[in-house]
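# A closer look at the structure
Single-letter residue listing:
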Amino acid sequence: MLLADVALPVPIARAFTYVVPAAHASRVRPGARVVCPFGGRRLVGVVLAVREGEAPKNAKAIAHAVDEEPALPEDLLAFLRDLATYYFAPIGEAVRLALPPVDRDTAREVEEPSLFGEARGVGARRIQWVVPTSRVEEAGALRGQAAALLAHVRAVGAEPIAKLEERWKAARAAVKRLAEAGLVTVEEREAPRESLFGEPTTRDVPHDATAAQNAAIEAIAGALGEPRAETFLLHGVTGSGKTEVYLRVIAAARAAQRGSIVLVPEIALTPQLVARFRARFGDDVAVLHSGLTPRERHGMWKRLHDGEVDVAIGARSALFAPVRALGLVVVDEEHDPSFKQEEGVRYHARDMAIWRAHRLGGVCVLGSATPSLESEQLVRTGRVTKLRLTERARAQPMPRVDIVDLRRIGPGPTGDKRISMPLYRALEETLRAKEQAILFLNRRGFAPSVRCEACGQLATCQSCSVALTFHKRALVVRCHYCDFEAALASRCSKCGAEALTLEGVGTEKLEETLVAAFPGARVARLDRDVARGKKVETILGRMRAREIDILVGTQMVTKGHDLPSVTLVGVVNADAALSIPDFRASERAFQLLVQVAGRAGRGDAPGRVLVQTWDPDHPAIAFGAKHDVDGFLVQELRDRRELGYPPLTRAALVRVDAVDEGEARDACDALARVALACEPVRTGVVRVQGPAPAPIARVRNRFRFRVMLRSVDRAPLRVVLAAVEEARASLPRGVRASIDVDPVQLL
Ligand code: ADP
Ligand code: ZN
């Protein structure tokens, strides 16, 4: 009998066996979607394997085969299986990461034929394209339009001749000369598809790469030509032109008929970066962002799957884009914590990017101005090659950084210590020079906490052990963990006194203070409260158009924005990130500091950065102020080694939560005991820390406990995790337990 092992979207680790009806036999292949009866439901699963065998007792039959061609290509399926194993994740949930969005859940949608009967491609009309060859011209042999045109098609790939004529009047004559010299060919191909994006793009004219950029491009492009896999860490200071390197190596991959994936931290925060990709590749790039309708997403997925588009750009989930002949994976801002998924399958897109490229013999490029300790360690152990861009692309100097020691320096005329005298003066100067400033404060809302001055009670969320933040515009207190919201009470909930005071300063209050202090200035705010999705683009657009003088914001302002008129950056409270109980707090604070400082002085006028701190000697701040990334990495690696933390050890977190505190604690104790009984723990190879309550002990009404496991090598750690995973199944019903391999979020 023909049987299929099917991965179903249920939180059970194993695959399920179904009988393959003869009618569907030709379509039931690994990677193909099938509709299966499960419980009383019908679920869409993915076939992992097909085999002959004895049907298990009461095995059911596959109800329907969805795909003519498997939805998941073989290499992607194999990758997902490895990913599931690595993260101790249910195979069904791992496979689901890569399924086309519309129909991954309900069988009904899959069976609806319209989605699959969709016409492929739009324009069957054929036109003439100019395609660069690999031939190299003699030095000085080309001039004028021919030289410019050749440089252009080499950078962006094939272009319709009509499109080239829009830019170069004599394009046809130039193409003829280039073709005669064997530098391009003219081929008849399909006309470009209708835009996936609604609005047409103007193509950019690439800069001449700098010598440093060229060296990086050559190294990466060289590796693309080798069958062997290779990973690069592109460590380039802010403004050094990393994006141009990505664009060129993607063009090189395309010229070699290989597809690319570009991962960015949060696509909504990087409209400019996306625009640069579109300006270079036009509609040949699929932009996967959360603003797409399910249908649009599906369209993108399908175009990639069918090989009509060969570059995908998106946040971490774009790692699973079904790009054909994938040869290159770029991870921009690889240090960004958002690459770690913190729910469901807790994968790290950066780590998995290296892996996905590796198994295809492809190239992975990790780019950052502030590399993660993990990537730096890979360089030090010889597994990753470091490439450096030590100067800004247009040779602008790095901004000068001055530390404002809040222990000694008092408030300016506002009376608020968050706007110290030096910061006040610097803002005045910037406004006078008609330049722009960015102020970074990583707390949104008006006041981060509300306290009763009579009894000392802090107003906390009813379902989380988290202080409530006061939001003035909305006139509410809000929990930033569960979004619980309530009117600000007039009395303390504990003692009833009318003595509630607002504590601390959030971006909303900072904005208000600035508006009062600089009446002529146009002040705006960029944080999650004012900006979601398209709104970010609007605010950044106004900033670029110089309709804003001072932009106040959370870490949203630290992202790679290229705003040439920003000459002043103020870090309002550099210590905020340091007080978090997380072994990466220092690294994170350092990265934020250097990244936000990098927003200053990117244009012609030099930049200046003021860092306000209570702890100027802290390595994160002292090294950050000197832009000394290497110094920081050395020091931080030394500290991590001493304390036995990643990347010098491997870590995993066993997380347990339940509505009942005792139940959660008991379950966590039980899992800890399982770990303690394991051989590698008894011999001291794997260290166990906890069980202990999580730093934020309760979230959304569930009490949280955890056990941290650490080991120098991965193998013994996996032995212990396997035992814990097995024990998980026998926990009481209301308890949730999960394994987080290589944890990032520790709160
Ligand atoms: P990064 O990503 O390293 O911060 P960007 O790629 O944003 O840097 O580049 C910074 C600025 O320098 C951009 O405005 C970009 O257009 C410009 N730039 C990049 N490469 C070059 C080059 N080779 N020549 C001139 N300008 C360049
Ligand atoms: Zn809450």
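Owing to the predicted nature of the structure, the values given are computational and were not obtained by experimental measurement. (Residues numbered from 1 in each chain as written. Chains lettered and ligands numbered in written order. Predicted model: local features only at pLDDT ≥ 70, side-chain atom pairs only at ≥ 80, totals over all residues. Heavy atoms only, no water.)

### Looking at the site of ligand 1
Operational definition: Put simply, a residue is near a molecule or strand once any heavy atom of it comes within 4 Å of that molecule or strand. We define a polar contact as two N or O atoms separated by no more than 3.5 Å, with the added condition that, inside protein, one atom must be a possible hydrogen donor and the other a possible acceptor, whereas residues neighbouring each other in sequence contribute only through side-chain atom pairs. Where helices and strands are cited, they refer to DSSP runs of H or I of at least four residues and of E of at least two residues respectively, numbered from the N terminus.
Neighbouring ligand 1 are 18 residues; D208, Q213, G239, K242 and D562 lie closest to it. One nitrogen or oxygen atom from the side chain of Q213 is found 2.8 Å from a nitrogen atom belonging to ligand 1. In this structure, an oxygen atom belonging to ligand 1 sits 2.6 Å away from a side-chain N or O atom of D562. The element that contributes the greatest number of residues to the shell around ligand 1 is helix α9 (residues 242–255), accounting for three residues.

### As for the nonpolar core
In plain terms, the rule: By nonpolar core is meant a set of buried Ala, Val, Leu, Ile, Met, Phe, Trp, Tyr and Cys residues that side-chain atoms within 4.5 Å join together. Relative accessibility thresholds used throughout: buried, under 20% of the residue-type maximum; exposed, over 50%; partly exposed, between the two (1.4 Å probe, protein chains only). The contact criterion used is simple: two residues touch if any of their non-hydrogen atoms lie within 4.5 Å.
Grouped together as the largest cluster of nonpolar side chains are 77 residues, with contacts concentrated most on L72, L83, L263, F320, Y347 and L709. Per-element accounting of this core gives the leading share, eight residues, to helix α1 (residues 74–87). Contacts of L83, omitting those with residues within four sequence positions, involve A94, L97, F320, V345, Y347, M352 and W355. Core analysis: the second largest hydrophobic core is formed by 43 residues, L373, A531, V571 and L593 among them.

### Quick look at the packing of helix α5 (residues 144–156) against helix α7 (residues 171–180)
Helix packing for two helices is described by the angle between their axes and how far apart those axes are. Keep this limit in mind: Interaxial angle, 0 to 180 degrees, is taken between N-to-C directions of lines fitted to C-alpha atoms, where a helix line uses only the stretch in contact. An angle below 35 degrees is treated as roughly parallel, one above 145 as roughly antiparallel, one from 65 to 115 as roughly perpendicular, and anything else as oblique. Each residue gets one of three labels, nonpolar for Ala, Val, Leu, Ile, Met, Phe, Trp, Tyr, Cys and Pro, charged for Asp, Glu, Lys and Arg, and polar for the others, Gly among them.
Put simply, α5 and α7 touch, their axes get as near as 9 Å, and they point 75° apart. Between α5 and α7, the angle falls in the class roughly perpendicular. Residues Q145, A146, L149 and L150 of α5 lie in contact with α7, whose contacting residues are A171, A174, V175, R177 and L178. Taken together, the residues of the contact of α5 with α7 sort by class into seven nonpolar, one polar and one charged.

### Side note on the sheet that holds strand β29 (residues 702–711)
To keep it simple, the criterion reads: Pairing between strands is defined by DSSP: at least two bridges between them are needed.
With respect to topology, four strands assemble into an open sheet ordered β28-β29-β27-β30, the strand pairing being antiparallel. The sheet is open, and its two edges are formed by β28 (686–699) and β30 (736–741), each paired on a single side. Strand-to-strand twist in this sheet, taken as the mean axis angle between neighbours without regard to direction, amounts to 20°. The pairing of strand β27 (residues 650–658) with β30 spans six bridges and is classified as antiparallel.

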